[in-house]
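Residues per chain are reported as follows:
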Amino acid sequence: MDLAWFYVKKKNKQTKKYHFYFMFKILVINPGSTSTKFAVFEDDNQKAAYTIRHSTEEVSKFKRVIDQLDYRYELIMNFLKKEGIDVSEFSAVIGRGGMLPPVQSGVYAVNEAMMDVMRRAVKGEHASNLGAFLAYKMAGESGKCMAYIADPVAVDEMSDLARISGLPEIPRTSLFHALNHKAIARLHAEKIGKKYEDLNIVIAHLGGGITVGAHQKGRVVDVNQGLDGYGPFSPERSGTLDAGVIVRMCFSGNYTQAELLKKLAGQGGLTAHCGTNNVQELEKRIEEGDEHAKLILQAMCYTIAKEITSLFAVFKGQIDGVILTGGIAYSDFIVKEINTRVEPFATVYVYPGEDELRSLALSALRALNGEDVKEFVVKSNPDYNI
């Protein structure tokens, strides 16, 4: 396929002469449960970013996530037309990766096999499933455009040792913030003048859910399953709990399955203890003398620090540092509490926030510049359940 591209005229500050530079234009789409975020990049330069909000009433009209495809597509197209952005100029459209069976890290060209798996929600319903469909449909409008996803939550690089639990029927699985983990790892490696593939680092993504991964020479060989809240408790997830108590709750007759699942992910953690998932609000309460809020926030940091340091064993002492990232890494309280317990053992670096749009754009750019693009293939093994 001949890709769309364009030249940009720039003046060299030293020679004072004008030069023409070859550039790609990339559309990035990140569908969330109540929003659709998208941005336009020229190479790695973000030219514009937009967010369309969706009310609960609007999305509740659709029985399944996939049923929202045309609705969200039309909103994006109308918005781009209003802004005077020509879809035919895009070299690539990249969407946030969805709930796929286990896959390797990397950039994937959207294909029918991938869309079929997510259309049937083989691994679960999630708004991110729409990313591949929106990218594919947008690329079709251009005619000279590639459709990609990159580093979906299903990235699985776990070692054989890390997969084994105490029950053969319930192996440990990999579901984590792969996109931000990988993007921050590469950014950090570049900043310290090393290759990601040469580092042993622990990365803790701190958001509504928390995932802590052991990155060994470019692979996440161990990580907590963040979707259901296994690991540290977080603003919205309960974390690892006493399994026996959970089993007894399941058969008590006091809760439905949906209610218990919500307790694990959505209404657990800070939300269960303090009635809010807002760390800034809790910090304000602490400043006003709320000792309960302080205790709970400190306890969350305690569980995070334990999860981080437990992964040091993976590297047998050969660790190059710990990275804190995600939205609540902006909190000085959180960072200080974690650092107090981690810094005696390893250097801690802080990269607050999660720029998923930029991470996706950089992934598309690597693909356009010749990095290997993976093909999603349906495999006949039990992990796929297809």
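Computed from a predicted model, the values in this text were never measured in an experiment. (Residues numbered from 1 in each chain as written. Predicted model: local features only at pLDDT ≥ 70, side-chain atom pairs only at ≥ 80, totals over all residues. Heavy atoms only, no water.)

One open sheet accounts for seven strands, arranged β5-β4-β3-β6-β8-β7-β14; its pairing is mixed. Each end of this open sheet is capped by a strand with a single partner; those strands are β5 (45–53) and β14 (374–375). As judged from the seven bridges shared by strand β3 (residues 25–31) and strand β4 (residues 35–42), these two strands associate in the antiparallel manner. Its bridge partner lying in β4, Asn30 is registered against Lys37. (Pairing = 2+ DSSP bridges. Helix = DSSP H or I, 4+ residues; strand = E, 2+ residues; numbered from the N terminus.)

Strands sit in the order β11-β10-β9-β12-β13 across an open sheet of five strands; the sheet is mixed. Bordering the open sheet on either side are β11 (219–223) and β13 (348–352), each of which pairs with just one other strand. This sheet shows a mean twist of 25° between the axes of neighbouring strands, independent of strand direction. Alignment of strand β12 (residues 321–326) against β13, held across five bridges, turns out to be parallel. From the neighbouring strand, Val322 faces β13, where its bridge partner is Val348. Taken strand by strand, helix α11 (residues 291–310) contacts β9 (200–206), β10 (210–216) and β12, and its axis lies near 20° from that of β10. (Axes fitted to C-alpha atoms, helices over the stretch in contact; angles between N-to-C directions. Contact = heavy atoms within 4.5 Å.)

The next thing to look at is the packing of helix α6 (residues 178–191) against helix α13 (residues 356–368). Where α6 contacts α13, the two axes come as close as 10 Å, and the packing angle between them is 70°. Here α6 lies roughly perpendicular to α13, going by the angle between them. Contacts between α6 and α13 pair Leu179, Ala183 and Arg186 from the former with Glu356, Ser359, Leu360 and Arg366 from the latter. The class makeup of the residues in the contact of α6 with α13 is three nonpolar, one polar and three charged. (Parallel < 35°, antiparallel > 145°, perpendicular 65-115°, else oblique. Nonpolar A, V, L, I, M, F, W, Y, C, P; charged D, E, K, R; others polar.)

Core analysis: the biggest nonpolar cluster contains 52 residues, and Leu27, Ile29, Phe38, Leu100, Met114 and Met138 have the highest contact counts within it. In contact with Met114, other than residues within four places in its own chain, are Leu100, Tyr108, Ala109, Ala132, Ile149 and Phe376. Counting 35 residues, the second largest nonpolar core, distinct from the first, contains Leu282, Ala293, Met300 and Cys301. (Core = buried A, V, L, I, M, F, W, Y, C linked by side-chain atoms within 4.5 Å. Buried < 20%, exposed > 50% of the residue type's maximum accessible area, 1.4 Å probe, protein only.)

A few words now on the pattern of salt bridges. Counted according to the given criterion, the structure contains 11 salt bridges. One salt bridge connects Arg64 with Glu125, and the closest N-O pair in it is separated by 2.8 Å. Of the two residues, Arg64 sits in the loop between α1 (56–59) and α2 (69–82) while Glu125 sits in the loop between α3 (112–119) and α4 (130–142), which places them 61 residues apart along the sequence. Overall, Arg64 belongs to the partly exposed group, its relative accessible area being 28%. (Salt bridge = Lys/Arg side-chain N within 4 Å of Asp/Glu carboxyl O.)

This paragraph deals with the packing of aromatic side chains. This structure, assessed with the given rule, holds four aromatic pairs. Centroid distance Phe38 to Tyr50: 5.3 Å. Interplanar angle 35°. Geometry classified as tilted. With Phe38 in strand β4 and Tyr50 in strand β5, this residue pair connects regions lying 12 residues apart in the sequence. Of the residues examined, Phe38 reaches a relative accessible area of 0% and is grouped as buried. Between Phe62 and Tyr71 the ring centres are 5.3 Å apart and the planes differ by 40°, which places this aromatic pair in the tilted class. Here a set of aromatic residues connected by ring pairs shows up, and it is made of Phe38, Tyr50 and Phe79. (Phe/Tyr/Trp six-rings, centres within 6.5 Å; stacked < 30°, edge-to-face > 60°.)

Our next topic: α3. Every buried residue belonging to α3 is among Met114, Met115, Val117 and Met118, and all of these are buried. Down the axis of α3, the buried side of the element spans an arc of 160°, and every buried residue falls inside it. The opening residue of α3 is Asn111, an N-cap whose side-chain oxygen sits 3.3 Å from the backbone nitrogen of Ala113. (Arc of directions from axis to C-beta. Polar contact = N/O pair within 3.5 Å; in protein donor to acceptor, adjacent residues only side chain to side chain.)

Let us look at the layout of surface pockets. Taken as a whole, the largest pocket holds about 1400 Å³ of empty space. Lining the largest pocket we find 50 residues, and of these Arg96, His126, His177, Arg237 and Glu356 sit closest to its centre. Those elements that place two or more of their residues in the lining of the largest pocket are β3, β4, α6, β9 and α13. When residues of the lining of the largest pocket are assigned to their parent elements, the largest contribution, three residues, is made by α6. Considering only residue class, the lining of the largest pocket consists of 17 nonpolar, 21 polar and 12 charged. (1 Å grid on protein atoms, 1.4 Å probe; cavity = no way out; pocket = protein on both sides within 12 Å on 5 of 7 lines; lining within 4 Å. Points joined across faces, edges and corners; volume = space filled by probe spheres on them.)

Coordinates in, geometry out; function isn't part of it.
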